[in-house]
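A closer look at the structure
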Amino acid sequence: MSGSDPLAAGPPPEHEVKALLREAGVAVPRGATAASAEGVAAAAGGLAPPLVLKAFGPGLVHKSDSGAVRLALAGPAEAAEAAAEMLGGLLAQGITPDGFLVEEQAEAGIELIVGVVRDPGFGPVLLAGLGGVWTEAMRDTAVRLCPVSEADARRMLASLRGSRLLRGYRGRPAADMDALVKLLLTIGGAGGLWERLELGEFELNPVIVTGRGAVAVDARYIPDDRHREAPRPAPAAEADFTALFEPRAVAVVGASTNRPNFGNMFLEFYRTTGVPLVAVHPEADEIDGVPAVPTLADADADYALIAVPAGRCAEVVRQADGIPFVQVMSGGFGEAGAPELEAGLVRAAREAGTRLLGPNCMGVYSPRGGQTFIGGEPGPPGHVALISQSGGLAGEVVRVGERRGLAFSRVATVGNSADVTPAELLRWLAVDEHTSVVGMYLEDPRGGRALFEALMSVRGRLPVVLLVGGRSAQGRRAAASHTGGMVGDDRVWQALAEQSGAALVTGQDDLIGVLSFFQSHARRLGAPGAGPVTGGSRGAGTDGDPALLVIGPSGGASVLAADVFDAAGLSLDALPEEAKSGLKALGIGVGSSLANPLEIPVGPRGRPELAREAIAAIVARRPYPDVVAHVNVQSFFTYGSSAEPLYACARNLAQAQEDLPEVRITLVTRNGECAPPGVEDGVRAIAAGSGIPVYRSMESAAVAVAAAKRFTRGA
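Here the structure is a predicted model, which means the values were calculated and not measured.

1. Focus: the overall build of the protein chain
When helices and strands are counted, the protein chain shows 24 helices and 28 strands. Per-residue burial over the protein chain gives 55% buried out of 715 residues. Taking the contacts inside the protein chain whose residues are at least 6 apart along the sequence as the reference set, 70% of them involve residues at least 24 apart.

Structure, rendered in structure tokens:
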């Protein structure tokens, strides 16, 4: 609470918390307090039975465990008797209550818990779930970062395993969902109570919801002013990171004249890209053929890479006056238990008027600007950006991604993110003309609230793919030793993705796969000034989201595909009746049923144009936004001897994509390892020419298509 709020002085008793709730518009039972057991009868005089009696005071946080709650009391006299018995029992436990609260007992209904907790990375988080005795037994809860929207609140409740109870179950009336949603917004929405709470614990348990409303019958609030939010500084001007990715010249500090090290390695990398380059060395005139200057202050550059021992880094950074960006590659700071060294590094950057990337990071990659932290020739410039707290993983994503057809615009490794943060980079990439999709690998949100706000600001207009390390207990321990990061509950990351529309993936392969999907279908997902392709109402599945068509050869693969896409939350609705005659005219489904997934004879002896004709016949009647076509590569080389039939299938799918610009076609080459060397690359090249992403498994394709569904839903 604010400094003038009486509840900020310490843990308030329940009736004071309920007064706060009542003032905010949350329904609570009518009640009164008594300072002693003798006063309970008088306090209860104006209340309608049945009554509830509770003791309050120090040591009574969990009242039920201490015998400090009595239910179903018939009237004031019985309440007074219960208070006397309760007082004796509490005194025997060494607990002296401050007083008693007597209330009208709420009508029976469904019991829920609603609370606000503080995640160490992201700040206030709203929690809702089954309450009362079910809270710990079932642990059926959902979380969202505050502030929540009405849509967030409804999705929270719908995601509970016990949500059927709220919709009416076995003859019981449905809960008043509007009242329950209003309560969640009052607590966790914009302008809600969460903005006033100094969060230690805040919990309403239970909230009883019936068909006529929702009542908070128990409330607990334990302030913790250690988490008081500091006043936010006035917003600073948005940083321009162009020079970070496209520097006029680069300075490298730390290369050796006689003992090759990381600095020498980077000199070699930069000579490959051709960016103007200068080395910094106190004595040498040149290193490895690169001209040298004695100090960083003598270097005329936009970007300086510093690879010296941690203890010397701050001294070097102070010399960077006039250099917009410095990157500290060296480790040995916060991630190694030396936060004071890291803080000194940030101060040095402030004194020099430069922005700091890292420490403990590999640097930047941008083929368009000659930036690199990996060896070899840069790949082609493109529109895929990557922000990564791990330099090693970023290098893998770049090289493997380029091998699979990704073309990168901007890649930044941020390490400990002591100054430049993932959130700040994301905001800039959202307005970068060269970027159409952003991947992020994070181990620690490093200002999670700012990251949440940045993700919400790009919702529906810039696809973001999140890969988070440290989501398991063992992973959190590894992250702590890697970047000094400690992340919160895994469900908070899931909530972040759900609210922002970002795709949350579980591995590097899926990160590359989803980026590939968004790269291939960027214009079909909504270019600037154009709305995203959703297929309209006629393309909606039974759950209200866009439906999916799966088409490929017969057999168990189609059945398994249905399972995979269903598990990913994708609708495979029945084919439109009006399309079936057209399919039968093509010789598909004659003498058998037609379904989705649609089984067609794709193989070395089949007509390569059949899949294209079938897709056209179906989407002419129903505009499926996504079509996944799959082939069994093994069959082409078991029952055939040439790659040409497979290439012909790929060319026909490419033609189908050209003919149907509002459909996103995806190709799955199952059992691709059975093809001779180079064949998969050939298929991928044909598909890429028309903007079709290619995957080796249904599972990978399902992750990518589901990510597009999440993005378009948030647009």
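2. A word on a negative patch on the surface
A cluster of acidic residues, Glu268, Asp285, Glu286 and Asp288, forms a negative patch at the surface. Topologically, Asp288 is positioned in the loop between strand 13 (286-287) and strand 14 (290-293). For Asp288, a relative accessible area of 38% puts it in the partly exposed group.

3. What to know about the sheet that holds strand 21 (residues 437-442)
Strand pairing in a sheet is mediated by backbone hydrogen bonds. Such pairs are either parallel or antiparallel. Taken together, the six strands give an open sheet; going across it, the order is 18-20-19-21-22-23, and neighbouring strands pair in mixed fashion. This sheet does not close on itself; its edge strands, each paired only once, are strand 18 (364-365) and strand 23 (503-505). Bridge count between strand 18 and strand 20 (residues 408-413): two bridges; the pairing is antiparallel. In the strand pairing of strand 20, Tyr365 is matched with Val411.

4. A few points about the packing of aromatic side chains
All chains considered together, the criterion is met by eight aromatic pairs. Relative to Phe518, the ring of Phe517 lies with its centre 6.2 Å away and its plane at 80°, an arrangement referred to as edge-to-face. Each member of the pair Phe517 and Phe518 is classed as buried. With 5.9 Å between their ring centres and 80° between their planes, Phe518 and Phe711 make a pair best called edge-to-face. Separated by 193 residues along the polypeptide, Phe518 in helix 17 (residues 508-520) and Phe711 in helix 24 (residues 698-714) bring together distant segments of the chain. On the basis of relative accessible area, Phe518 is assigned to the buried category, the value being 2%. Grouped by ring-pair contacts, the aromatic residues Phe241, Phe245, Phe325 and Trp428 constitute a single cluster.

5. A look at the pattern of salt bridges
Charged atoms that come close allow side chains of opposite charge to pair. All chains considered together, the criterion is met by 34 salt bridges. With its nearest N and O atoms 3.1 Å apart, the salt bridge here joins Glu150 to Arg154. Residue Glu150 and its partner Arg154 are located together in helix 5 (residues 150-159), separated by four residues, close to a single helical turn. Classification of Glu150 by relative accessible area gives partly exposed; the value is 43%.

6. A short note on the UniProt feature "domain: ATP-grasp" (unreviewed entry) in the protein chain
In the numbering used here, UniProt assigns the feature "domain: ATP-grasp" (unreviewed entry) to residues 18-55. Across residues 18-55, the secondary structure splits into 29% helix and 24% strand, with the terminal C-alpha atoms separated by 15 Å.

7. Remarks on the pairing of strand 5 (residues 110-119)
In terms of burial, strand 5 is largely enclosed, as seven of its ten residues are buried. Taken together, the six bridges between strand 5 and strand 8 (residues 201-210) define a ladder with antiparallel strand orientation. Paired with Leu112 across the strands is Val207, a residue of strand 8. Two elements, strand 5 and strand 6 (residues 123-130), share eight bridges in a ladder whose sense is antiparallel.

8. Some details on the side chain of Thr666
For Thr666, the location among the structural elements is in strand 27 (residues 664-670). For Thr666, the residues in contact, after removing those within four places along its chain, are Phe517, His521, Val627, Val628, Ala629, Ile692, Pro693, Tyr695, Ala701 and Val705.

9. Section: the pairing of strand 15 (residues 303-306)
Here strand 15 shows a buried face lined by Tyr303 and Leu305 and a second buried face lined by Ala304 and Ile306. Sheet topology note: the strand 11 (residues 250-253)/strand 15 ladder contains four bridges and is parallel. Counted as the bridge partner of Val250 is Tyr303 from strand 15. By the bridge criterion, four bridges tie strand 15 to strand 16 (residues 325-328) in an arrangement that is parallel.

10. Concerning helix 20 (residues 610-619)
Since one α-helical turn is 3.6 residues long, residues separated by three or four positions face the same way. Among the ten residues of helix 20, seven are classified as buried, and the element is accordingly described as predominantly covered. Residues of helix 20 that are buried sit in contact with strand 24 (548-552), helix 19 (577-585), strand 25 (598-599), strand 26 (626-632) and helix 22 (644-659).

11. Some details on the sheet that holds strand 12 (residues 277-280)
If you walk across this open sheet you meet the seven strands as 13-14-12-11-15-16-17, and the pairing is mixed. Single-partner strands in this sheet number two, and they are strand 13 and strand 17 (355-357). Inspection of the sheet shows strand 11 paired to strand 12 by four bridges, in the parallel sense. Looking at the pairing, Val252 lines up with Ala279 of strand 12.

12. Observations concerning the side chain of Lys63
Its location among the elements puts Lys63 in the loop between strand 2 (51-56) and strand 3 (69-73). Its relative accessible area of 11% is what places Lys63 among the buried residues. Apart from residues no more than four positions distant in its own chain, Lys63 is found in contact with Glu14, Lys54, Ala55, Ala68, Val69 and Asp218.

13. What to know about the environment of Gly448
Along the chain, the position of Gly448 falls in helix 14 (residues 448-457). When its relative accessible area of 1% is taken as the criterion, Gly448 is described as buried.

14. Side note on the packing of helix 20 against helix 22
Where helix 20 meets helix 22, the closest approach of the two axes is 8 Å, and the angle between their N-to-C directions is 25°. Compared by their axis directions, helix 20 and helix 22 come out roughly parallel. Every pair of crossing elements has a handedness; the one defined by helix 20 and helix 22 is right-handed. Side by side, helix 20 and helix 22 meet where Ala611, Arg612 and Ile615 of the first sit next to Asn652, Leu653, Gln655, Ala656 and Asp659 of the second. Taken together, the residues of the contact of helix 20 with helix 22 sort by class into four nonpolar, two polar and two charged.

15. A few points about the confidence of the model for the protein chain
Chain-level statistics for the protein chain give a pLDDT mean of 89 and a share of 90% at 70 or above. In this model residues 527-539 is a low-confidence stretch, pLDDT under 50, and it forms 25 contacts with partners more than four residues away in sequence or in other chains.

16. Focus on unusual backbone geometry
Residue Pro50 is reached from Pro49 by a cis peptide bond, and omega for that bond is 0°. By secondary structure assignment, the location of Pro50 is in the loop between helix 2 (40-43) and strand 2.

17. Some details on the environment of Leu127
Note that Leu127 resides in strand 6. C-alpha of Leu127 to C-alpha of Arg144: the two residues are 17 residues apart in sequence and 6.8 Å apart in space. The residues contacting Leu127, other than those within four sequence positions of it, are Ile113, Val114, Gly115, Thr141, Ala142, Val143, Met156 and Arg491.

What counts, and at which threshold
Residues numbered from 1 in each chain as written. Predicted model: local features only at pLDDT ≥ 70, side-chain atom pairs only at ≥ 80, totals over all residues. Heavy atoms only, no water. Helix = DSSP H or I, 4+ residues; strand = E, 2+ residues; numbered from the N terminus. Buried < 20%, exposed > 50% of the residue type's maximum accessible area, 1.4 Å probe, protein only. Contact = heavy atoms within 4.5 Å. Patch = residues over 30% accessible without salt bridge, like charges linked within 9 Å, V, L, I, M, F, W, Y side chains within 5 Å. Areas by Shrake-Rupley, 256 points an atom, 1.4 Å probe, with all protein chains shown as cover. Salt bridge = Lys/Arg side-chain N within 4 Å of Asp/Glu carboxyl O. Lys, Arg positive; Asp, Glu negative; His and termini not counted. Charge placed at Lys NZ, Arg CZ, Asp CG, Glu CD. Pairing = 2+ DSSP bridges. Phe/Tyr/Trp six-rings, centres within 6.5 Å; stacked < 30°, edge-to-face > 60°. UniProt positions renumbered as here; feature names shortened; annotations may be inferred. Axes fitted to C-alpha atoms, helices over the stretch in contact; angles between N-to-C directions. Parallel < 35°, antiparallel > 145°, perpendicular 65-115°, else oblique. Left-handed = near helix turned anticlockwise from the far one by under 90°. Nonpolar A, V, L, I, M, F, W, Y, C, P; charged D, E, K, R; others polar. pLDDT = per-residue confidence, 0-100.

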